[in-house]
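# Inside the fold
Spelled out, the chains give:
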Amino acid sequence: MPTMCNHGSCLNTPGSFECQCNRGFVYDVESHQCIDDNECLRIPSPCRGNAQCVNSSRKFRSASVPRGISSA
């Protein structure tokens, strides 16, 4: 299938295949695709202190939250 292992490499294995996903992507068993790894959903958050996690394709960033504003 040409759409299998998008954002990764498809490797032949005996009787099957395996997707090796590119950095920032994880394998989704149901769709057989490498999908964005939303690091911001991890517990604990990858951002420290009062920083807000902002997810984007293949990466995340920690954004400073101005004083007096809650990040929750």
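Everything in this summary refers to the structure shown in the same document. (Residues numbered from 1 in each chain as written. Predicted model: local features only at pLDDT ≥ 70, side-chain atom pairs only at ≥ 80, totals over all residues. Heavy atoms only, no water.)

Looking now at the overall build of the protein chain. Secondary structure summary: the protein chain contains 0 helices and 6 strands in total. Expressed as a percentage of its 72 residues, the buried residues of the protein chain come to 18%. Carbon and sulfur atoms make up 51% of the accessible area of the protein chain, which amounts to about 5600 Å² in all. (Helix = DSSP H or I, 4+ residues; strand = E, 2+ residues; numbered from the N terminus. Buried < 20%, exposed > 50% of the residue type's maximum accessible area, 1.4 Å probe, protein only. Areas by Shrake-Rupley, 256 points an atom, 1.4 Å probe, with all protein chains shown as cover.)

Along the chain, the position of F60 falls in strand β6 (residues 59-63). Judged by its relative accessible area of 33%, F60 falls in the partly exposed class. Taking the C-alpha atoms as reference points, F60 and N38, 22 residues apart in sequence, are found 7.8 Å from one another. Leaving out residues up to four positions away in the same chain, F60 has contacts with E39, C40, P46, C47, C53, V54 and N55. (Contact = heavy atoms within 4.5 Å.)

We now examine the state of the cysteines. Scanning the entire structure with this criterion turns up 3 disulfides. Here C21 engages in a disulfide with C34; their sulfurs sit 2.2 Å apart. The disulfide joining C21 to C34 has a torsion of about -80 degrees about its S-S bond and is therefore left-handed. Here C21, found in strand β2 (residues 16-21), pairs with C34, found in strand β4 (residues 33-36); they are 13 residues apart in sequence, far enough to count as distant. For C34, a relative accessible area of 2% puts it in the buried group. (Disulfide = S-S within 2.5 Å.)

Glancing now at the side chain of D37. Within the fold, D37 resides in the loop between β4 and β5 (52-56). Looking at D37, the relative accessible area reads 15%, which means it is buried. One polar contact links D37 to R42, side chain to side chain, over a distance of 2.4 Å. Excluding its chain neighbours within four sequence positions, the residues that come into contact with D37 are G24, F25, V26, R42 and N55. (Polar contact = N/O pair within 3.5 Å; in protein donor to acceptor, adjacent residues only side chain to side chain.)

Turning next to unusual backbone geometry. Cis geometry marks the peptide bond from I43 to P44, where omega comes out at 0 degrees. Within the fold, P44 resides in the loop between β4 and β5. Despite not being glycine, H7 has its phi angle at roughly 65 degrees, a positive value. Within the secondary structure, H7 is located in the segment before β1 (8-13). You can call H7 partly exposed: its relative accessible area is 45%.

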